[in-house]
Amino acid sequence: FVPGSGPALKGAGLVSARQGSSRVSRRNGAPSMIFDFPAPGERKDYPRPPLEETSENQREAAAFSQAFIDMPRPERPLNVAVIGAGLAGLSCAKYLSDAGHKPIVLEARDVLGGKVSAWQDKDGDWVETGLHIFFGAYPNVNQMFTELGIRDRLQWKSHSMIFAMPGQQTADGFQRFSRFEFPALLPAPLNGLVAILLNNEMLTFPEKIQFGIGLLPAILFGQKYVEECDSLTVSEWMKKQGVPDRVNDEVFIAMAKALNFIDPENLSMTVVLTALNRFLQETHGSKMAFLDGPPPTRLCQPMADYMLERGGELRMEQRISSILLNDDKTVKGLKMQDGSTVVADAYVSTMPVDILKLMLPQEWKPMPYFEKLNGLNGVPVINIHMWFDRKLTTVDHLLFSRSPLLSVYADMSLTCKGYRDDEKSMLELVFAPAKDWIGKPDEAIIEATMAELYRLFPNELNKDGSGAQLLKSAVVKTPLSVYEATAGRELYRPVQTSPISNFFLAGCFTKQKYLASMEGATFSGKLAARALSDAAIADTIPLKKAASAVAA
Ligand SMILES: Cc1cc2nc3c(=O)[nH]c(=O)nc-3n(C[C@H](O)[C@H](O)[C@H](O)COP(=O)(O)OP(=O)(O)OC[C@H]3O[C@@H](n4cnc5c(N)ncnc54)[C@H](O)[C@@H]3O)c2cc1C
């Protein structure tokens with residue numbers, strides 16, 4: 001990451017809160033557990049999303065959360081060192097605290113959120129690592145907002161997908177857009193099919209039919225087929241299924257860049273089919289929301305507060321430098337960059353895969369579980385912010401740019417309540433693929449972006465300097481972001497339970513059905529918390545003798 005200029009979380013260092021509610025231990029043979037949790041008067045059931053928004057996946061996510069509350073209590077809470085305070089780490093910590101354990105979150109930076117982190121510039125304007133969109137088909141993320149009581153922070157937009165038509169203008173000289181409108185009264189998949197059929201600007205009717213025929217095996221053979229398609233790139237799949245090239249050029253270049261910051265010649269078809277599946281199966285699946293402000297304060301802090309209130313700990317600016325092992329290759333402790341050691345009962349790494357690979361102890365490297373991590377690598381991406389002296393658009397939504405250097409963009413002064421400005425525009429734009437640009441100076445990147453904006457805003461921006469003026473810009477480079485989902489990567493994604501009894505993995509690159517996304521990260525944290533809690537119940541984690549195992 002390009003480090004942030006200002007700490008979003010003041011008073012970094014050790015943050016601790018009161019211990020969770022008292023729990024009674026009842027020893028009735030091994031493993032002994034406490035069964036009468038939550039204590040009387042405590043909330044027993046999570047609130048659930050309103051019924052009309054509830055899909056089968058949403059119900060599953062709610063039930064999965066509830067299972068942590070209903071789980072038998074451990075004899076004593078395990079001290080669990082969770083490495084990283086991105087969405088995976090904070091989600092893992094939250095659910096560990098629900099299961100009665102004590103998470104100690106160790107974050108290298110002075111800001112929460114990892115790839116959703118943000119910070120303020122010298123003027124107090126927020127700069128984000130990435131433009132982030134939440135989808136209706138994010139059951140575990142939506143459930144998290146519900147459980148934290150912050151659902152009103154998700155600002156849902158009209159149920160549409162809007163594609164720019166660069167170089168094309170309306171009669172009065174404005175940028176033209178092509179919209180896929182999902183009718184509110186129709187259930188999935190009908191709403192999606194009508195949205196596709198009614199859009200005639202991007203694809204002709206015969207092209208839609210040919211694409212529909214190409215998709216038939218996915219509809220007929222379901223998940224098995226979706227998984228098998230990981231061996232093919234999007235472009236290879238299109239050719240194999242006889243889908244015209246124009247479908248790729250008109251729709252899937254934009255889709256691939258939005259889904260994984262790469263082109264369809266490289267992206268695995270499994271990624272596209274997984275997204276289409278969700279969008280076509282869930283009535284609200286493709287509905288999009290913007291958070292109402294910066295993710296570290298509006299989402300990550302409530303996640304951290306939740307576990308802090310239940311006895312967890314958060315230690316900022318705590319970078320681990322190596323993993324120390326016992327003779328049996330289990331984890332003995334974490335060596336911190338400041339020279340101290342952190343010892344816990346169990347450990348969860350949520351570090352990005354590229355960092356994890358560097359951190360692996362020599363003794364673990366030949367194990368197939370860890371060896372296959374070599375098949376995963378982060379993909380470069382650049383997030384750009386541009387502040388203009390006047391309004392450039394009135395569209396309060398995500399826009400697919402369909403231009404060579406850019407992926408999606410939005411005018412955050414409209415889409416996000418926390419960044420609202422009635423006079424000026426703040427465009428946030430994702431620059432991808434970024435492979436050839438990540439090493440270039442910010443000025444060159446802004447210049448190339450401006451060149452594309454002249455085509456996207458023909459009426460508002462003029463090369464001669466008349467029209468809207470760029471007031472300032474910020475470029476955030478992430479050289480190794482989410483894992484690059486090229487064809488064949490699924491085989492390399494590790495499950496959350498490792499062969500080391502006291503070491504677990506989470507992070508959006510780990511195996512789960514929601515790709516490398518905020519949902520994937522949140523769900524992976526939940527899966528790791530579940531795997532660890534189950535292992536604690538089954539007594540397979542070698543516990544530290546001392547009750548206060550975590551020492552610095
Ligand atoms: C530009 C951009 C746009 C995106 N847009 C979207 C979107 O619209 N929708 C969507 O769903 N997803 C989007 N994503 C993806 C999403 O942000 C990620 O999938 C998700 O946030 C990953 O979370 P994570 O917890 O797995 O990893 P991370 O967020 O990377 O968290 C890992 C944490 O570990 C910490 N860490 C690393 N090394 C150490 C160490 N040695 N010691 C201690 N701590 C350490 C890091 O500082 C970090 O906080 C986008 C990503 C980017 C970059």
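Here the structure is shown first, and the text comes after it.
Remember, predicted model here, so these are calculated numbers, not experimental data.

Student: Looking at this structure, I do not really get the nonpolar core. What am I missing?
Tutor: Side chains of a nonpolar character, in soluble globular proteins, are inclined to be buried together. Formed by 144 residues in total, the largest nonpolar core has its most connected members in Trp237, Leu334, Trp364 and Phe503. With nine residues, helix 14 (residues 518-537) is the single largest residue contributor to this core. The residue makeup of this core includes at least three contributed by each of domain 1 (17-118 + 294-376 + 486-537) and domain 2 (183-286). Non-local contacts of Leu334, meaning those with residues more than four positions away in its chain, are made with Ala81, Ile83, Leu106, Ile320, Ser322, Ile323, Leu324, Ser340, Thr341, Val342 and Tyr347. Counting residues in hydrophobic clusters, the runner-up holds 29 residues, among them Ile382, Leu427, Phe431 and Leu453.

Student: Sorry, what's going on with the environment of Val408 here?
Tutor: Inspection of the secondary structure puts Val408 in strand 20 (residues 406-411). Taking the relative accessible area as the measure of exposure, Val408 reaches 9% and is therefore buried. Along the primary structure Val408 and Phe431 are separated by 23 residues, whereas in three dimensions their C-alpha atoms are 8.0 Å apart.

Student: How should the site of the ligand be read in this particular structure?
Tutor: What surrounds the ligand is a group of 38 residues, the closest being Glu107, Lys115, His132, Tyr138 and Met518. Here Lys115 contributes a backbone N or O atom positioned 2.8 Å from an oxygen atom of the ligand. In the model, an oxygen atom of the ligand is placed 2.8 Å from a nitrogen or oxygen of the Met518 main chain. About the coverage of the ligand: the protein hides 95% of its 1000 Å² of free accessible area. Residue assignment for the shell around the ligand shows that the elements contributing at least two residues are helix 2 (87-98), helix 10 (353-359) and helix 14. In the shell around the ligand, the residues fall into 22 nonpolar, 12 polar and four charged.

Scoring rules and cut-offs
- Residues numbered from 1 in each chain as written.
- Predicted model: local features only at pLDDT ≥ 70, side-chain atom pairs only at ≥ 80, totals over all residues.
- Heavy atoms only, no water.
- Core = buried A, V, L, I, M, F, W, Y, C linked by side-chain atoms within 4.5 Å.
- Buried < 20%, exposed > 50% of the residue type's maximum accessible area, 1.4 Å probe, protein only.
- Helix = DSSP H or I, 4+ residues; strand = E, 2+ residues; numbered from the N terminus.
- Domains from an automatic or database assignment.
- Contact = heavy atoms within 4.5 Å.
- Near = heavy atom within 4 Å.
- Polar contact = N/O pair within 3.5 Å; in protein donor to acceptor, adjacent residues only side chain to side chain.
- Areas by Shrake-Rupley, 256 points an atom, 1.4 Å probe, with all protein chains shown as cover.
- Nonpolar A, V, L, I, M, F, W, Y, C, P; charged D, E, K, R; others polar.

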